Amino acid sequence: SQTIHQWPATLVQPVGSPLSLECTVEGTSNPNLYWYRQAAGRGLQLLFYSVGIGQISSEVPQNLSASRPQDRQFILSSKKLLLSDSGFYLCAWSTIRGMSAFFGQGTRLTVV
Amino acid sequence: AQSVTQLGSHVSVSEGALVLLRCNYSSSVPPYLFWYVQYPNQGLQLLLKYTSAATLVKGINGFEAEFKKSETSFHLTKPSAHMSDAAEYFCAVSDRGAGTASKLTFGTGTRLQVTL
């Protein structure tokens, strides 16, 4: 069966520090991968998606970037965090046809 | 462009009462529709999905939803609420990207409270 791992679960970082969140998927090949952000009291916003290694699409302009160095690995990064980057970050995967998306457990990022 | 509107950011029901969470969608093509549940500080779990087969979709934990094209709705129901149903529920629509990533657009969520 397929599983998705996301870490760390919680993170507190100072403003201006770098960020690296990692997500890996097991039990499937060539998944579509996604990063979502959930701000307090709001819905989920799609940040990035990827249909293959090295292929990244950005949905919203922001202070973050994403990379996909391996088929089942998706990384969310920032060179310098802002207070507004605080939130709950969720990684997800889907099959190519995308009939369902499956989510990781999320990372709670607090920028102080 | 697609969108989803969830009416009511908070819904409170008594244990054993009917649960009704409302979702209306807007899509220029026949949509895929989803309901997800989120427990505190956890990821989203898929409850059910509509992908153009039967219009009444049954999901996990006794939930079901009915796709009504004429009303552009996909409301989530459960006949009898249980305390364990207390969570946040998200409706989502997919753009059915052919051969590319199918991106989900989420509603803002409905927090369900279940009281004794």
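Look up: the structure comes first, before these words.
Now for a quick tour of the structure.

Criteria and cut-off values
- Residues numbered from 1 in each chain as written.
- Chains lettered and ligands numbered in written order.
- Predicted model: local features only at pLDDT ≥ 70, side-chain atom pairs only at ≥ 80, totals over all residues.
- Heavy atoms only, no water.
- Salt bridge = Lys/Arg side-chain N within 4 Å of Asp/Glu carboxyl O.
- Helix = DSSP H or I, 4+ residues; strand = E, 2+ residues; numbered from the N terminus.
- Buried < 20%, exposed > 50% of the residue type's maximum accessible area, 1.4 Å probe, protein only.
- 1 Å grid on protein atoms, 1.4 Å probe; cavity = no way out; pocket = protein on both sides within 12 Å on 5 of 7 lines; lining within 4 Å.
- Points joined across faces, edges and corners; volume = space filled by probe spheres on them.
- Nonpolar A, V, L, I, M, F, W, Y, C, P; charged D, E, K, R; others polar.
- Contact = heavy atoms within 4.5 Å.
- Buried area = accessible area lost by both parts, 1.4 Å probe.
- Polar contact = N/O pair within 3.5 Å; in protein donor to acceptor, adjacent residues only side chain to side chain.
- Core = buried A, V, L, I, M, F, W, Y, C linked by side-chain atoms within 4.5 Å.
- Pairing = 2+ DSSP bridges.

### Concerning the pattern of salt bridges
When the charged atoms of two side chains lie near each other, side chains of opposite charge can form a pair.
Part 1 of the argument: Under the definition given, this model contains six salt bridges over all chains.
Part 2 of the argument: Put simply, K103 of chain B and E59 of chain A hold a salt bridge, and the shortest N to O gap is 3.6 Å. Taken together, the positions of K103 of chain B in the loop between β10 (87-94) and β11 (104-106) and E59 of chain A in the loop between β6 (55-58) and β7 (65-70) put the pair across two chains.
Part 3 of the argument: By relative accessible area, E59 of chain A is classed as partly exposed at 35%.

### Some points on the layout of surface pockets
Part 1 of the argument: Estimated volume of the largest pocket: approximately 210 Å³.
Part 2 of the argument: Considering the residues around the largest pocket, the lining is formed by 13 residues, among which Q38 and R108 of chain A together with Q38, E88 and R111 of chain B are closest to the centre.
Part 3 of the argument: For the lining of the largest pocket, the per-class residue count stands at five nonpolar, four polar and four charged.
Part 4 of the argument: Taken as a whole, the second largest pocket encloses approximately 160 Å³ of empty space.
Part 5 of the argument: Contributing to the lining of the second largest pocket are R37, A39, R42, G43, L44, Q45, S84 and S86 of chain A together with F106 of chain B.
Part 6 of the argument: The residue inventory of the lining of the second largest pocket, partitioned by class, reads three nonpolar, four polar and two charged.

### Considerations on the interface of chain B and chain A
Part 1 of the argument: Across the boundary between the two partners, chain B contributes 23 residues, which contact 23 residues of chain A.
Part 2 of the argument: Here chain B packs against chain A, burying approximately 1,800 Å² in sum over the two surfaces, 55% of which is carbon and sulfur.
Part 3 of the argument: For the pair chain B and chain A, the interface holds one salt bridge.
Part 4 of the argument: On inspection of chain B and its partner chain A, the count reaches five residue pairs in polar contact (both at pLDDT 80 or more).
Part 5 of the argument: Elements that contribute at least two residues to the side of chain B that touches chain A include exactly β5 (32-38), β6 (44-50), β10 and β11 of chain B.
Part 6 of the argument: The biggest single contributor to the side of chain B that touches chain A is β5 of chain B, with four residues.
Part 7 of the argument: Residue classes in the side of chain B that touches chain A are distributed as nine nonpolar, 12 polar and two charged.

### Quick notes on the nonpolar core
Part 1 of the argument: Grouped together as the largest cluster of nonpolar side chains are 26 residues, with contacts concentrated most on W35, L48, F74, L76 and Y89 of chain B.
Part 2 of the argument: Of all the secondary-structure elements, those providing two or more residues to this core are β2 (10-14), β3 (19-21), β5, β6, β8 (64-68), β9 (73-78), β10 and β12 (110-115) of chain B.
Part 3 of the argument: Residue contributions to this core peak at four residues, all from β10 of chain B.
Part 4 of the argument: Not counting residues within four places of it along the chain, the set of residues in contact with Y89 of chain B comprises Q6, L21, W35, Y36, V37, L47, F63, L76, G109, T110 and L112 of chain B.
Part 5 of the argument: Residues W35, F48, L76 and C91 of chain A belong to the second largest nonpolar core, which totals 20 residues.

### Focus: the pairing of β9 of chain B
On a regular strand, each side chain points to the face opposite its neighbour's, so the side chains alternate between the two faces of the sheet.
Residues and elements named next belong to chain B.
Part 1 of the argument: Counting buried positions over the six residues of β9 gives five, a clear majority of the element.
Part 2 of the argument: Where β3 lies against β9, three bridges are found, and the strand directions are antiparallel. Its bridge partner lying in β9, L21 is registered against L76.
Part 3 of the argument: Across five bridges, β8 lies against β9 in antiparallel orientation. What sits directly across from A65, in β9, is L76.
Part 4 of the argument: Between β8 and the antiparallel strand that follows it, β9, lie four residues; T72 among them carries a positive phi value of about 45 degrees.

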